[in-house]
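Here are the chains, one letter per residue:
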Amino acid sequence: MALPEPQPAPPAPPASSPPANQALVAIGIRLLAAISITAMFACVKLASNHGVHVLESVFYRQLTGVLVLIPVALAGSGLSVLKTDRPWTHAGRMVVGLVAMSLNFLSFALLPIAEATAIGFMVPIVATLLSIFLLHEAVGVHRWSAIAAGLIGVIIVVQPGSGHIPLAGALVGISGVAITAWVSIIIRKLGETESPVTTMFWFSLSSLVPLGIAMLFFGKMHDAETWGIIGLMGLFGAAAQLGITWSLRLAPVSVVLPMDYSSLIWAALAGWLIWENWPVPATWIGAPLIIGSGLYIAWRENRLARLRG
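Residues numbered from 1 in each chain as written. Predicted model: local features only at pLDDT ≥ 70, side-chain atom pairs only at ≥ 80, totals over all residues. Heavy atoms only, no water.

Comments concerning the overall build of the chain
Across its full length, the chain holds 12 helices and zero strands. Sequence-ordered secondary structure for the chain, helices as α and strands as β, is α-α-α-α-α-α-α-α-α-α-α-α. C-alpha atoms of the chain, sized along the principal axes, occupy 55 × 50 × 40 Å. Across the 309 residues in the chain, those meeting the buried criterion constitute 52%. Across the chain, contacts joining residues at least 24 apart in sequence account for 90% of those joining residues at least 6 apart. (Helix = DSSP H or I, 4+ residues; strand = E, 2+ residues; numbered from the N terminus. Buried < 20%, exposed > 50% of the residue type's maximum accessible area, 1.4 Å probe, protein only. Contact = heavy atoms within 4.5 Å.)

Details of the environment of Trp227
With respect to the helices and strands, the residue Trp227 is situated in helix α9 (residues 224-250). In this structure Trp227 comes out as partly exposed when scored by relative accessible area, which is 29%. C-alpha of Trp227 to C-alpha of Val52: the two residues are 175 residues apart in sequence and 9.7 Å apart in space. Ignoring any residue separated from it by four or fewer positions in sequence, one finds Trp227 in contact with Tyr60, Lys220, Met221 and His222. A distance of 3.0 Å separates the side chain of Trp227 from the backbone oxygen of His222, its partner in a polar contact. (Polar contact = N/O pair within 3.5 Å; in protein donor to acceptor, adjacent residues only side chain to side chain.)

Some remarks on unusual backbone geometry
Note: most peptide bonds trans; most residues except glycine with negative phi. The phi dihedral of Glu276 falls on the positive side, at around 55°, and the residue is not glycine. Looking at where Glu276 falls in the secondary structure, it is placed in the loop between α11 (263-275) and α12 (281-308). For Glu276, a relative accessible area of 71% puts it in the exposed group.

Considerations on a nonpolar patch on the surface
The grouping of Leu32, Ile35, Ile265, Trp266, Leu269, Trp272, Leu273, Ile274, Trp278 and Trp284 at the surface amounts to a nonpolar patch, some 990 Å² of accessible area in total. For the nonpolar patch, the secondary structure elements donating two or more residues are α1 (20-49) and α11. In terms of residue count, α11 provides more of the nonpolar patch than any other element does, six residues in total. Tracing the chain through its elements places Trp278 in the loop between α11 and α12. (Patch = residues over 30% accessible without salt bridge, like charges linked within 9 Å, V, L, I, M, F, W, Y side chains within 5 Å. Areas by Shrake-Rupley, 256 points an atom, 1.4 Å probe, with all protein chains shown as cover. Salt bridge = Lys/Arg side-chain N within 4 Å of Asp/Glu carboxyl O.)

What to know about the nonpolar core
Ranked by size, the top nonpolar core spans 75 residues in total, and within it Phe41, Phe105, Met233, Leu264 and Ile290 carry the most contacts. The element contributing the most residues to this core is α1, with 10 residues. Counting six residues, the second largest nonpolar core, distinct from the first, contains Val96, Ala100, Ile186 and Ile187. (Core = buried A, V, L, I, M, F, W, Y, C linked by side-chain atoms within 4.5 Å.)

Observations regarding the side chain of Ser57
Within the secondary structure, Ser57 is located in helix α2 (residues 54-75). For Ser57, the residues in contact, after removing those within four places along its chain, are Ala47, Val52, Phe105 and Met233.

A look at the pattern of salt bridges
Scanning all chains against the criterion turns up two salt bridges. The salt bridge involving Arg30 is made with Asp260; its shortest N-O contact spans 2.7 Å. Of this pair, Arg30 sits in helix α1 while Asp260 sits in the loop between α10 (253-256) and α11, and the two are 230 residues apart along the sequence. Asp260 carries the same exposure label as Arg30, and that label is buried. Close ionic contact of Glu56 with Lys220 constitutes a salt bridge, the shortest N to O distance being 3.5 Å. Within this pair, whereas Glu56 is found in helix α2, its partner Lys220 is found in the loop between α8 (196-218) and α9, the two being separated by 164 residues in sequence. Residue Lys220 is classed as partly exposed on the basis of its relative accessible area of 41%.

Rendered as structure tokens:
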């Protein structure tokens, strides 16, 4: 899933299953979040076409996140949920997360939206690779096979040397995926003590400091149409953020994660309707390999967690 940021999941007993009606609500919310994510990235691409620098887009996205998360905290357990005893860990996560988000936004500015979305689906695959080296987790032949299949899928989508998509854009997208996967490892460690709202709030707020400095150099005035696109980008991003968090409160990751891959359908439609750019056959061949690999890894990790529990 081509997310600007991986989101932390609230703790839940791994052996429990949500009621059927609650799971259906969670799936519906996650589907709406996938549509919102696609709409946000479409706005990022449109804003870039209107001359908006990628750092401007990231700044307004994060500013909207802060404005949304404060009332979310107030509606829950209050502002006390934003308290943290790990400011330096949040600061490190902000630096890595800001680089990841900037690269992800840039990849959508440089690539066709469907291809950028497909490359973004690599995050769970790369996160599994990083968990081997950073967390020293044991990965068996099943997940190694899924990783290999996913990487083959990426090669099919990118088609190195074919000129199918800009090589620079593909490298930016893959770099964004790698750093986003790194962020997911950091979030996993933060999740041991921090709530999802706390983690997301401090990322959004702290990132406004370097982004505010960047705005002195890259920020500029725009026409009404461009401001409208920027406003929609922030609203869709906030809706996606809330939808992802809400769905995880209602059902486990293994239930809602498959819905994220529906964003490829919406990205293909957006690319066709807005830019008259329909994905080439290679994208439809490679994307299922990437999606299947991510789903298998998620299923395998959930199964192992149940066995350990």
